[in-house]
Amino acid sequence: MTVQLHKIAKAYQGNRILADCSYTFAAGGAYILMGDNGSGKSTLFRLAALLEPPDQGEVRYLQGDLTLPPDITLKRRLTMVFPRVGVFSRSVSENVAYGLKIRGLPRDRVREQVARALEEVALSHKTHQPAATLSSGETMRLGLARALAVEPEVLFLDEPTTHIDRANTRLIEDCLLQTLRERALTLILITHDPAQAHRLGGRRLLLQEGRIVEVD
Amino acid sequence: METIFQGLVSAVRLIAGFNPELLGIIFLSLQVSGLALGAASALGLPLAALLALKRFPLRGLLLGLLNTGMGLPPVVVGLLLYLILSRSGPLGFLELLYTPGAMIIAQTILAFPIVTSLSHAAIVGVDPVIRLAAQTLGATPRQEAAAVVREARYGIGAAVIAAFGRVSAEVGAVLMVGGNIAHYTRVMTTAIALETDKGNFDLGIALGIILLTLSLLVTVALRAVQRRGRAPTGVRLWD
């Protein structure tokens, strides 16, 4: 699924964040978005992930030549992980199962996908632990597992490793690299770490003055 | 002093001997307060969720009214309900005055603002990232609301327990609309008032002990629920 930003603009209380911003994220690609604090990266993510509408322009999801309507069916084909992972006050496995249960998946399949997602982020040993007792690095891995469990076609990750240690960062990066190898996933990731952008090997983009520019 | 001591001894005998009159009063009290609490929760919890999660006109006014309603004087509720349910009142044809039904309505009116206001506060207190997390995982607006309400479950439990504490100890409204009729509308609080008037302290003290025990249980339950709610739950940011 291709994500197309078409001349989108967004302002909050008269403060312009994005202006005439256009870019096409091709299906199956990996994109690393960088930019200064306050440059509008997170705003761009919220608009692109259909969490809020742009003031101007359009966010289009394309399947071949077809533009998909922005309904719940489309929204369930993409997901996003914020720097603050809002974990539900339930166990680790119940957190991962949430997205699957609300889709009405049968119990066996939920169990299977939860187990696989937890394995991908190396959290299988914490399956039954209350999610709120995890460390910050583990919490971010849980956020990633919860997102991967629903098998998204587009995954937005907003600074997934900014506040965590090197070991957890490495686990997350390994998981992302493996996911990119094994699944037809469009990954769009925000980071401040150029080395991480290099390690993940995606197309590097820079958000400056409200527009996306390609770095290389 | 001697009267109190004798009363206490007789009261313990009444309780230990499972006195049928005492048991009947306790059972009716729990039935009336339990049903009132059920009705107040059935009406109040959806309203609390709506007020917490949706923006609509007059929402602020409604919240203000509910907060005011938490301090509603029971005798005023009793008086108004009496006027409405009395033979010449607008709902007199229902013939509910001096029935357990009228007492349940009175206690529902008293419990409703407590359940609603405190539950609203609990739902509003849930970290906004919980709703966002549900949304990004593909929840419909209804599923999002359910996820947020579920996170507020301990606060909601505390609201329901607090309302039970208020209505089970209330005397003014149930006395006015129930009439304190023996074996029909006599509950613990009204029986204590009557027995004290009659100088029959045994039953009064026995009921007082039961009511205090109930109050203690409510407090213990409330603390337990609040402690669970304070346990690591919800969002953890950094170590």
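What counts and what doesn't
- For every chain, the first residue of its written sequence is number 1, and the numbers climb from 1 along that sequence.
- Chain letters start at A and ligand numbers start at 1, both assigned in the order the entries are written.
- Since the coordinates come from a predicted model, pLDDT governs what is reported: local features require at least 70, and pairs of side-chain atoms require 80 or more to be given and counted, while whole-chain, interface and lining totals use all residues.
- For side-chain calculations, the full set of non-hydrogen atoms in the structure is used, while hydrogens and water are omitted.
- By definition, residues are in contact when any of their heavy atoms lie within 4.5 Å.
- Note: buried area is the sum, over both parts, of the accessible area (probe 1.4 Å) each one loses when the two are combined.
- Each reported salt bridge corresponds to a side-chain nitrogen of Lys or Arg within 4 Å of a carboxyl oxygen of Asp or Glu.
- Pairs of N or O atoms within 3.5 Å make up the polar contacts considered here, provided that, within protein, one atom can donate a hydrogen while the other can accept it, and that residues adjacent in sequence are counted only when both atoms are side-chain atoms.
- Only DSSP runs of H or I with at least four residues qualify as helices, and only runs of E with at least two residues qualify as strands; both kinds are numbered from the N terminus onward.
- Take the number of residues in a helix, subtract one, and multiply by 1.5 Å to get its expected span.
- For each residue, the accessible area found with a 1.4 Å probe, counting protein chains only, is set against the maximum for its type, and the residue is called buried under 20%, exposed over 50%, and partly exposed in between.
- Think of the arc as the fan of directions from the helix axis to the C-beta atoms.
- A pair of strands is treated as paired once DSSP finds two or more bridges between them.
- Working convention: axes come from line fits to C-alpha atoms, limited for helices to the stretch in contact. Angles between N-to-C directions cover 0 to 180 degrees.

Participant: With reference to specific residues and values, describe the interface of chain B and chain A.
Facilitator: Each side of the interface is counted separately: chain B has 25 residues, and chain A has 28 residues. Note on chain B versus chain A: buried area summed over both sides is about 2,400 Å², and carbon and sulfur give 57% of it. Taken together, chain B and chain A are joined by 1 salt bridge. The salt bridge partner of Asp127(B) is Arg84(A), with a shortest N-O separation of 2.5 Å. Put simply, chain B and chain A have 8 residue pairs in polar contact (both at pLDDT 80 or more) between them. Residue assignment for the side of chain B that touches chain A shows that the elements contributing at least two residues are helix 6 (128-136) and helix 7 (141-151) of chain B. Counting residues per element, the side of chain B that touches chain A draws most heavily on helix 6 of chain B, at 7 residues.

Participant: An account of helix 4 (residues 107-120) of chain A is requested, with residue identities and associated values reported.
Facilitator: Because each turn of an α-helix spans 3.6 residues, side chains separated by three or four positions in sequence point in the same direction. Residues and elements named next belong to chain A. Across its 14 residues, helix 4 extends 20 Å between first and last C-alpha, which sits within 8% of the 20 Å expected from 1.5 Å per residue. Residues Val110, Gln113, Val114, Ala117, Leu118 and Glu120 constitute the buried set of helix 4. Around the axis of helix 4, the buried residues are gathered within 150° of arc, so they sit on the same side. Among the exposed residues of helix 4, those pointing more than 90 degrees away from its buried face are Asp108, Arg111, Glu112 and Glu119. Buried positions along helix 4 lie against helix 3 (92-101), helix 5 (136-149) and helix 6 (166-182).

Participant: Which residues make up the pattern of salt bridges, and what are the values?
Facilitator: Residue and element names in this part refer to chain A. Scanning the model with the defined rule gives 15 salt bridges over all chains in all. Arg116 serves as the salt-bridge partner of Glu151, at 2.6 Å between the closest nitrogen and oxygen. Of this pair, Glu151 sits in the loop between helix 5 and strand 7 (154-158) while Arg116 sits in helix 4, and the two are 35 residues apart along the sequence. Glu151 sits in the partly exposed class, given a relative accessible area of 34%. A single network of salt bridges, built from pairs that share partners, joins Lys10, Arg46, Glu52 and Asp55.

Participant: Explain the pairing of strand 10 (residues 211-214) of chain A to me, using residue names and the numbers behind them.
Facilitator: Residue and element names in this part refer to chain A. Bridge count for strand 9 (residues 203-208) against strand 10 is 4 bridges, and the pairing is antiparallel. Bridge pairing links Gln208 to Arg211 in strand 10. Between strand 9 and strand 10, which pair antiparallel one after the other, the connecting turn spans 2 residues, and Glu209 there sits at a positive phi close to 50°.

Participant: Report on the sheet that holds strand 5 (residues 66-67) of chain A, specifying residues and quantitative values.
Facilitator: All names here are of chain A. Spatially, 2-1-4-5 is the arrangement adopted by the 4 strands of the open sheet, whose pairing is antiparallel. A strand with exactly one partner marks an edge of an open sheet, and here the two such strands are strand 2 (15-25) and strand 5. Bridge count between strand 1 (residues 2-12) and strand 2: 7 bridges; the pairing is antiparallel. Each residue of the ladder has a partner; that of Ala11, found in strand 2, is Arg16. Across the sheet, helix 1 (residues 41-48) lies against strand 1, strand 2 and strand 4 (56-63), angled at about 125° from strand 1, the strand it touches most.

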